[in-house]
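Each chain, written out:
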Amino acid sequence: MSKITASHILVEKEHEAQDLVKKLAEGKSFESLAKEFSKCPSGRDGGDLGSFGKGQMVEAFETAAFALKVGEVSGPVKTQFGYHLIKRCAD
């Protein structure tokens with residue numbers, strides 16, 4: 001597998017990411033939460049990052065994204081940018 005497609009929500013604090021995990025568990029859509037809460041410009045597109053291969057994202061993000069199954073959402077992943085929730089959309 002060379003590339004995957006993923007979306008993410010980026011927030012500054014871990015507690016914000018945990019709140020979003022709860023909202024997802026309550027049935028809110030990942031895309032709507034990304035549009036409302038993500039600090040990344042991709043939030044406007046529901047968090048869509050498109051396709052990427054290994055070596056294109058920071059290590060912690062990449063490791064978490066590639067470990068997910070399609071349709072799965074990660075718990076909070078800390079990088080120098082903040083806390084990400086990552087959704088793997090496709091292989």
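Not measured: the values here are computed from a predicted model.

## Quick look at the nonpolar core
Listed in full, the 10 residues of the largest apolar core are I4, A6, F52, F61, A64, A65, F66, L68, V77 and I86. If you list the elements that add at least two residues to this core, you get strand 1 (3-11) and helix 3 (59-67). Considering each element in turn, this core owes the most residues, four residues, to helix 3. I9, A17, F30 and L85 belong to the second-largest nonpolar core, a separate cluster that totals nine residues.

## A short note on the pattern of salt bridges
For side chains bearing opposite charge, pairing can occur when the charged atoms are close. All told, the structure shown has two salt bridges when counted by the stated rule. The partner of K87 in a salt bridge is E31, with the nearest N and O atoms 3.4 Å apart. Here K87 is found in strand 4 (residues 82-90), whereas its partner E31 is found in helix 2 (residues 30-37), with 56 residues between them in sequence. For D91, the salt bridge is made with R88, and the minimal N-O distance between the two is 2.4 Å. Residue D91 is classed as exposed on the basis of its relative accessible area of 61%.

## Here we look at the sheet that holds strand 1
Two strands in a sheet stick together by hydrogen bonds in their backbones, pointing the same way (parallel) or opposite ways (antiparallel). Strands sit in the order 2-1-4-3 across an open sheet of four strands; the sheet is antiparallel. Edge positions in the sheet fall to strand 2 (48-53) and strand 3 (77-79), since each of these pairs with one other strand and no more. Each neighbouring strand pair of the sheet contributes to a mean axis angle of 45°, computed without reference to strand direction. As judged from the seven bridges shared by strand 1 and strand 4, these two strands associate in the antiparallel manner. Across the sheet, H8 pairs through a bridge with I86, a residue of strand 4. Helix 2 contacts strand 1 and strand 4 of the sheet and is inclined by roughly 45° relative to strand 1.

Rules used in this analysis
Residues numbered from 1 in each chain as written. Predicted model: local features only at pLDDT ≥ 70, side-chain atom pairs only at ≥ 80, totals over all residues. Heavy atoms only, no water. Core = buried A, V, L, I, M, F, W, Y, C linked by side-chain atoms within 4.5 Å. Buried < 20%, exposed > 50% of the residue type's maximum accessible area, 1.4 Å probe, protein only. Helix = DSSP H or I, 4+ residues; strand = E, 2+ residues; numbered from the N terminus. Salt bridge = Lys/Arg side-chain N within 4 Å of Asp/Glu carboxyl O. Pairing = 2+ DSSP bridges. Axes fitted to C-alpha atoms, helices over the stretch in contact; angles between N-to-C directions. Contact = heavy atoms within 4.5 Å.

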